[in-house]
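Summary of the model geometry
Chain by chain, the residues:
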Amino acid sequence: MQESSPRGGPATPVFWRVEGSLLNLSTVRPVAFFAWNAQGFAERWLRRGAIFLQALLRPLLYASHRVFATRVVHAVLRDISRDRLDLLGEEYFQYNLQPQLRPAGVQKLRDALAMGQRVVLVSQGLEHIIRPLALYLGVEELICNRLEFRDGYATGRLLEPVIRPRGALALITGGDPDGSRDLHQLVRELRIAPSTAMAAVAPAQRQMSVPERPLVRFDSARAPERLSIRESLAGKHILLIGVTGFIGKVWLAHILEDLPEIGRIYLLVRSQKSNSGAQRFKKMVEESPVFDPLQERLGAQFAAYLNARVKVVEGDASQPGLGLEPALAARLQASLDVVINSSGLTDFNPDLRDALAGNVDAVANVLEFVRSCRHAGLLHLSTCYVAGARDGRISEQVQPNYTPVGDPSFDAERELENLRRVVAEAVQRSESDDLGEELRRQSLEKKTNGNGLSPAALENQIRKNRIRWLRTALTEAGTRRAQELGWPNTYTFTKSLAESLLQNRGAGLAIALVRPAIVETSQAKPFLGWNEGINTSASLSYLLGTYFRQLPSNARKSLDIIPVDTVCRGMTLIAAAIVQRCHQPLYQLATSVTNPCDMRRSIELTCLAHRKFYRTQNGVQHQLRMRFDTIPVSKERYQRLSAPAQKAVIKSLQRLTAPFPFLQPPLVRTERGLERVEKLIELFEPFILHNEQDFEAEHVEWLSQALLNQEKAVFGYDTRSLDWWEYWINVHIPALRKWTYPLIEGRPVETQPRRSYHLPSSRDDQAGTGCGPTAGNGMSTGTTGATWQYS
């Protein structure tokens, strides 16, 4: 019985030799291109020197043994990553080979494809440049030279069979546009066995190996065997706190598009200045691209569908009772099934008062609200980095009163009282006469003219300085206390404190702590490539797109990034498990165990993504930036050769040029820029240099495994099949360049016309309180949708 080809044509392939019919492709030039575009400057020159030496020996090697000569040429690519070779291969084809394609040969090949023939491209070139050629021509299979890789890096060895270059006679006579060969002609030309030739046929699509690891349940008491999102959440009422944030917004759009069976989603939105919570939500719906797919799908029914399922309730999680009117709070507490808290302050080192109010007090208020509910459970978003300064594998086990330093006497309740005492003492100190006199003296010393300050202006300056002193003192106090206990910053400290309070105070309640890692660009929902705001990854990746060369980092440490829509799928699974009361106390949503991407690879992928963008731009600056690849270095080398050392040089130049004031402004600007780089690196060192952590994420995978097969495409949680090369180069960095880099540069983000959306009238609003969606909403029940940013 004859097998069918991937194209559905005959099994017997037509082999099409690239050299001669489509291109005059040499072996050395692509290898030289790869070598000259290696990651480091020194590495580039060493590889180019090796190629020069090979050029002296190549005629002798080629005359004696063409296969051996081909192996020697490719040995210079040792230790270049597959990621770099794939990107450079695409670039080499697009800018070097594609313009040289022979039209007659291309037409012949396409005629063969049109006739339904199974065409296999054959070339002496590396797969990294022949694959883009095959995809451009519409060919699905190829035979070409392939490098051996270990852990993603080339060993310099070619795999069998080695496609040797054509002979001298073929270079002269082999210009026929018809490059077709049958199997017998091919094996005679390549001097290999027929079985070897057929075994060498490989798909043209870039292949990714999906890591497979069995899920072992040591304690399956609460692990469901069967889970249906639609059955669990149909008609259920959910209160979402934090809808204006990155995660909350995407989760709302995900539920509205993929789960029309939902009962009603209440959104707790606080007023801001003169804007009510409803007005803020209205503006968000009108302006945010998150709702574009849903509007395109529903058209004129968009507003009616949204109003039937969503109700804004004005309140404030930092206030007791969530700041709700008592009657409204009672109705919600009687009808809610799940409360999702995705709110919080994400600044790393904020004023301690703000951190406690947003990350601790608000959580305590949410907990008390849930306690008063008839049957609601709580899904609370925290962060993986509450683990703090510790290395190794981080399990999904809750530890009450946890500290990274392992202090057995630590008590979260007592710590909270102490922090409030610190705040009170700082406020008292800021209002003292002693501080006032000190600030008065400093203000008088800083006067820049002989007239000094008027009494009123002086008092106003002292008042401002008191406020500034208090904010600085409380910021430093929070950071200092966090680092004493093993957390890198106030953010992770207060997030962990909130987790301990939930464990201590939440006994008997259905609570699930959800810890996402670094939440980044979407890979599917609401659409491919959505990101928002200036987050950690954006700041660092922007820096790597400049002339910055040396990033202090641990090359082995995983940069644990997870797409925002994957996080939202995990949240939906966990919400369903809470409703069914089959949830675990803790869920981590991370990739460092299931699909790790270490810092070395993350840095290189970021630089490759920048290179791909700069290659499309004109101008000397873009061409120069394209050649500046950042490399991971030690902290000592960074201090010796990078920003700190460069700042010292600039300061020396400032002293030398002091007699020439006109030379000072550019030096001052450069010094300030280097200071910003130093502060950025210092802020993120715990996440890129220290704390080699791997976060388990099995609990959510248990839920996804139990999901009904027909629901897995829409609600399944999967991080193992994430292709980091594709995600980083073609999704994540382009998304940051579109949505985030303009904010860093002080430019406006690309906007679109505001959509029309009207809030429901007061009568409709009251009638809908506590009720599910009405009929006639335009979507049937079975319809499915086709900082460093933490929670």
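Structure first, text after, so check above.
The following paragraphs examine the structure supplied in this document. (Residues numbered from 1 in each chain as written. Predicted model: local features only at pLDDT ≥ 70, side-chain atom pairs only at ≥ 80, totals over all residues. Heavy atoms only, no water.)

Remarks on the pairing of strand β4 (residues 147–150)
In plain terms, the rule: Strands pair, by our definition, only if DSSP identifies at least two bridges between them. Here a strand is any run of E in DSSP of at least two residues, a helix any run of H or I of at least four, and the numbering for each starts at the N terminus.
Here β4 pairs with strand β5 (residues 153–158) via 3 bridges, running antiparallel. In the sheet register, Leu 147 faces β5, and the bridge partner there is Leu 158. Here β4 folds back onto β5, and the loop between the two strands holds 2 residues, one of which, Asp 151, carries a positive phi near 55 degrees.

Observations concerning a nonpolar patch on the surface
Basically, it comes down to this: Residues enter patches when they are more than 30% accessible in relative terms and free of salt bridges; like-charged ones are connected within 9 Å and nonpolar ones (Val, Leu, Ile, Met, Phe, Trp, Tyr) within 5 Å. In these tables, accessible area is a Shrake-Rupley quantity obtained with a 1.4 Å probe, and a residue counts as shielded only by the protein chains included in the view. A pairing counts as a salt bridge when a side-chain nitrogen of Lys or Arg comes within 4 Å of a carboxyl oxygen of Asp or Glu.
Taken together, the side chains of Phe 52, Leu 53, Leu 56 and Leu 57 define a hydrophobic patch exposed on the protein surface, amounting to about 460 Å² of accessible area. Its location among the elements puts Leu 53 in helix α3 (residues 41–64).

Things to note about the packing of aromatic side chains
Put simply, the rule is: Aromatic pairs are defined between Phe, Tyr and Trp rings, using the six-membered ring for Trp, whenever the two ring centres lie within 6.5 Å; interplanar angles under 30 degrees are classed as stacked, those over 60 as edge-to-face, and all others as tilted. Buried means the residue's accessible area, taken with a 1.4 Å probe over protein chains only, is under 20% of the maximum for its type, while exposed means over 50%, and partly exposed covers the values in between.
Summed over all chains, the structure comprises 23 aromatic pairs. Taking the centre distance of 6.5 Å and the plane angle of 70 degrees together, the rings of Phe 302 and Tyr 757 count as edge-to-face. With Phe 302 in helix α15 (residues 302–309) and Tyr 757 in the loop between α32 (741–744) and α33 (762–768), the pair connects residues that are 455 residues apart, well separated along the chain. We classify Phe 302 as buried; its relative accessible area is 2%. An angle of 25 degrees between the planes, with centres 6.2 Å apart, marks the rings of Phe 348 and Tyr 491 as stacked. Of the two residues, Phe 348 sits in the loop between β11 (338–341) and α17 (352–371) while Tyr 491 sits in helix α21 (residues 490–505), which places them 143 residues apart along the sequence.

With respect to empty space enclosed by the protein
This is how the line gets drawn: A 1.4 Å probe that fits but cannot get out identifies a cavity on a 1 Å grid over protein atoms alone, an open set with protein on both sides within 12 Å along at least five of seven lines counts as a pocket, and a residue lines either if it has an atom within 4 Å of a point. Grid points are joined across faces, edges and corners, and a volume is the space filled by probe spheres set on the points. Just so you know the grouping, Ala, Val, Leu, Ile, Met, Phe, Trp, Tyr, Cys and Pro go in nonpolar, Asp, Glu, Lys and Arg go in charged, and all remaining residues, Gly too, go in polar.
By volume, the second largest cavity is sized at about 40 Å³. Taken together, Leu 544, Gly 545, Thr 546, Cys 607, His 610, Arg 611, Tyr 614, Arg 625, Met 626, Phe 628 and Asp 629 form the lining of the second largest cavity. Sort the elements by how many residues they give to the lining of the second largest cavity and helix α24 (residues 599–615) lands first, with 4 residues. A class-by-class count of the residues in the lining of the second largest cavity yields 5 nonpolar, 3 polar and 3 charged.

Re the sheet that holds strand β2 (residues 119–126)
Rules: For this analysis, residues touch if any pair of their heavy atoms sits within 4.5 Å. To obtain an axis, a line is fitted to C-alpha atoms, over the contacting stretch when the element is a helix, and the angle between two such axes runs from 0 to 180 degrees between their N-to-C directions.
As summarised here, the arrangement of the 5 strands in space is β6-β1-β2-β3-β7, forming an open sheet in which the pairing is mixed. Every interior strand has two partners, whereas the edge strands, β6 (180–181) and β7 (202–203), have only one. The sheet contact formed by strand β1 (residues 14–17) and β6 spans 2 bridges and is antiparallel. Counted as the bridge partner of Trp 16 is Ser 180 from β6. Running over the sheet, helix α7 (residues 127–137) touches β2 and β3 (141–145) and is turned about 150 degrees from β2.

Description of the sheet that holds strand β8 (residues 237–241)
Here we have 7 strands laid out as an open sheet, ordered β10-β9-β8-β11-β12-β14-β18, and parallel in their pairing. On the outer flanks of this sheet lie β10 (310–314) and β18 (586–589), each paired with one strand and no other. Averaged over all pairs of adjacent strands, the angle between strand axes in this sheet comes to 20 degrees, irrespective of strand direction. As defined by bridge partners, strand β9 (residues 264–269) adjoins β10 across 5 bridges and the pair is classed as parallel. The residue bridging Ile 265 from the neighbouring strand is Val 310, located in β10.

Points about the environment of Met 284
Mapped onto the secondary structure, Met 284 falls in helix α13 (residues 277–287). The exposure class assigned to Met 284 is buried, which follows from its relative accessible area of 8%. The sequence separation of Met 284 and Ala 477 amounts to 193 residues, and the corresponding C-alpha distance is 35 Å. Other than its neighbours up to four places away in sequence, Met 284 contacts Val 243, Thr 244, Lys 249 and Phe 291.

As for the nonpolar core
Note the following rule: Buried residues of nine kinds, namely Ala, Val, Leu, Ile, Met, Phe, Trp, Tyr and Cys, make up a nonpolar core once their side-chain atoms join them within 4.5 Å.
Ranked by internal contacts, the top residues of the largest apolar core, which has 116 residues, are Leu 252, Leu 256, Leu 267, Phe 281 and Phe 291. Counting residues in hydrophobic clusters, the runner-up holds 44 residues, among them Leu 23, Leu 85, Leu 109 and Ile 130.

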